[in-house]
Amino acid sequence: MASVGEATVKDSHVEKKKKPPARYWEEPQEEGKDENKVATNEEKIETVQQQQQKTPKAKKRKKEEEQRHGNKVMSGKLDPFPGPAPVPEDRVQKFKRKEKAKKPLRNNSKLKDMITRSEEASEMAQKQAARFDLLLPEDAGFLEGDEDEDTCTISQEDIAEAVDIASGAKYFNLQLSQFGPYRIDYSKTGRHLLLGGRRGHVACIDWHSKQLMCEINVMESVNDVKWLHSETMYAVAQKKWLYIYDSNGIELHCIRKFNDVLRMQFLPYHFLLATASSTSFLQYLDVSVGKEVAAICTKTGRLDVMCQNPHNAIIHLGHSNGTVTLWSPNQKEALVKMLCHQGGVRSVAVDKTGIYMATSGMDKKLKVYDIRAFKPLKSYFLPAGASCLSLSQRGLLSAATGDIVQVYRDVWSSPVTKPYMAHRVRGTVWGLHFCPFEDVLGVGHGEGFTSMLVPGAGEPNFDGLDANPYRSAKQRQEWEVKALLDKIQPELISLDPTQLGQVDHATFQQRHQDRVQALGYDPLAKEKFVPKFKKKGRSSTGNVEKRKKQVAHEDQRDVIKKSVKAKVKVEKERSEKKKKRTAALSNKRSALDRFQ
């Protein structure tokens, strides 16, 4: 029988140390290993020495495993979708802005690095834009009728009742019969509306909130109105001269160099106001500095048909002889002359991609052209012709015939047999303009102004850094400063904007020859090496010759390159002559050919 003291020692009330719970980041321990086994001092010393010996190799092995299995998550499992999410190619092509530049043939490492970095930044921006395209909140929609129902028979009242309250409020009429007919223009953000009546009435409206910004009467006839770079300034082409006003109706400038102006177009990225006059002059005004950039006499008579190409800032003018001419401020002659109609041209419109151009003429035809090839794609006959044309951001074409406004869809991709929408206004249409970023078509006519609802006309998503309809005054000021810093010079306006990144070698060589003739020597020629004079006997004849020999191989290299190029050129000419001789001999027929 055991004593009481022995029992207390064997059956202790203190429990053994429990096994800690297993964690997912810990590796499973080997079976049969006793955790509670107490190691001796010798075993501890041996294990420490082994760990110290294996530490560098173990660290290296661990690093390699981490690199090999870098896609592991905290649970230790491999990531089934490693790397960034793939982006569809068609979506990436949607945001493509330019082709890859050709790298220089010479060993200009600095230029090659710059081109490589710019291409990498462009590709990254392109992929990011395509990736975030899924997050855009809005999508474009179109009007769809019931079975056997034409969408052109649906009235504006029915559309306004069917849509939500905010969208229905965008359909309204302004009865201004006293000073009509009216020319109209929307600001770049699409929030502000500018009205100019033929009899002198000018008004600025924040048409979203229906708030009147200013209203004046200039007491003389108004031919056209146009917003400038922001909603704080606008230009009015009056009977005699061109005037600039602010959003409060205060006259800022009277520009008497621009007289008898009939039509105006503003180039937002160049800060240029282009005007066409009744005296056949096309003039450009830089509104950032207030100077005339160019004055071109077109010699084609009265200029009352005008539009711009948003892609390359080229001005399109329509003339009474049926031609459409393309103009740039860099040349005094027309870049292109196209014969579009058998009668006079009444209206011209170009889409935002700069590919398609729509024209209407006195021959009652509506034609669509591909500007890249300068060839007609489609031709439509309208019973009464079209006096005004306008293209929306989504490719809808509006045409006004008298007091009827018709909207067409996909006029350049497939033949159109009937209009997409139609609406009759109260007077003869004088001006048409689609509102940016809104499904709204503004119509200026003899009895005032009408705002039509056209589903699918506007771009649903806007770029907040370029044209933000909801920007504050501070944001507008910051945008204006940035836009002035990024202003494009008028010398860069050309038919093909992609040519700006290329070098005109022929022009460079011609300028270099003219410079050589003017100076009497070649400034780019390599000067002969003359050793610098050194003191303390270091400029002796032997030392000077040694320094000359150190750079002599560079001159020899240039001479060898020139001789090799000359030899290659001669051999190429000989081979071409030989090929021509063999071709001539093979084509020559002999008298024995008839026996074959």
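Above this text is the structure in question.
Bear in mind that the values here come from a model prediction, so they are computed numbers and not experimental data.

Here we look at empty space enclosed by the protein
Rolling a probe over the atoms, with the probe sized like a water molecule, indicates the empty space that remains.
At step 1: Tallied over the entire structure, the rule returns 1 cavity of 30 Å³ or more.
At step 2: Counted as a void, the largest cavity has a volume near 60 Å³.
At step 3: Every residue lining the largest cavity is listed: S187, K188, T189, W227, L228, H229, S230, E231, R471 and W479.
At step 4: Residues belonging to the lining of the largest cavity are distributed by class as follows: 3 nonpolar, 4 polar and 3 charged.

Details of unusual backbone geometry
At step 1: Going from G180 to P181, the amide bond is cis rather than trans, its omega being -5°.
At step 2: The backbone phi angle of S280 is positive, close to 70°, even though this residue is not glycine.
At step 3: With respect to the helices and strands, S280 occurs in the loop between strand 11 (272-277) and strand 12 (281-286).
At step 4: The exposure class assigned to S280 is buried, which follows from its relative accessible area of 6%.

Describing the sheet that holds strand 6 (residues 222-227)
At step 1: Here 4 strands make up an open sheet; going across it, the order is 6-7-8-9 and the pairing antiparallel. Each of the sheet's edge strands pairs with one partner strand only, and the pair in question is strand 6 and strand 9 (251-259). When the angles between neighbouring strand axes are averaged without regard to direction, this sheet yields 20°.
At step 2: Relative to strand 8 (residues 241-246), strand 7 (residues 233-238) runs antiparallel, the two sharing 5 bridges. Its bridge partner being in strand 8, V236 is matched across the sheet by Y243.

Overview of the pairing of strand 28 (residues 448-453)
Along any regular strand the residues' side chains alternate between the sheet's two faces.
At step 1: Extensive coverage of strand 28 is indicated by the burial of 6 of its 6 residues.
At step 2: Where strand 1 (residues 172-175) meets strand 28, 4 bridges bridge the pair, whose relative direction is antiparallel. When the sheet's bridge partners are listed, L174 is paired in strand 28 with F449.
At step 3: As judged from the 6 bridges shared by strand 27 (residues 440-445) and strand 28, these two strands associate in the antiparallel manner. Looking at strand 28, one finds that G442 is bridged to S451.
At step 4: In textbook terms, the turn of a hairpin is the stretch between consecutive antiparallel strands, and for strand 27 and strand 28 this stretch comprises 2 residues.

A closer look at a nonpolar patch on the surface
At step 1: On the surface, a cluster of nonpolar side chains totalling about 350 Å² of accessible area is made up of Y269, I488, L492 and L500.
At step 2: With respect to the helices and strands, the residue L500 is situated in the loop between helix 7 (473-485) and helix 8 (505-519).
At step 3: Given a relative accessible area of 48%, L500 falls into the partly exposed group.

Comments concerning a positive patch on the surface
At step 1: Among the surface-exposed residues, K532, K534, K536 and R538 lie close enough to one another that they form a single positively charged patch.
At step 2: One can find K536 in the loop between helix 8 and helix 9 (541-587).
At step 3: Note on K536: relative accessible area 82%, which makes it exposed.

Focus on a negative patch on the surface
At step 1: Side chains of D146, E147, D148, E149, E157, D158 and E161 sit close together on the surface and give a patch of like negative charge.
At step 2: Positionally, E157 belongs in helix 5 (residues 156-162).
At step 3: On the basis of relative accessibility, which here comes to 40%, the residue E157 falls in the partly exposed class.

How each quantity is defined
Residues numbered from 1 in each chain as written. Predicted model: local features only at pLDDT ≥ 70, side-chain atom pairs only at ≥ 80, totals over all residues. Heavy atoms only, no water. 1 Å grid on protein atoms, 1.4 Å probe; cavity = no way out; pocket = protein on both sides within 12 Å on 5 of 7 lines; lining within 4 Å. Points joined across faces, edges and corners; volume = space filled by probe spheres on them. Nonpolar A, V, L, I, M, F, W, Y, C, P; charged D, E, K, R; others polar. Helix = DSSP H or I, 4+ residues; strand = E, 2+ residues; numbered from the N terminus. Buried < 20%, exposed > 50% of the residue type's maximum accessible area, 1.4 Å probe, protein only. Pairing = 2+ DSSP bridges. Axes fitted to C-alpha atoms, helices over the stretch in contact; angles between N-to-C directions. Patch = residues over 30% accessible without salt bridge, like charges linked within 9 Å, V, L, I, M, F, W, Y side chains within 5 Å. Areas by Shrake-Rupley, 256 points an atom, 1.4 Å probe, with all protein chains shown as cover. Salt bridge = Lys/Arg side-chain N within 4 Å of Asp/Glu carboxyl O. Lys, Arg positive; Asp, Glu negative; His and termini not counted. Charge placed at Lys NZ, Arg CZ, Asp CG, Glu CD.

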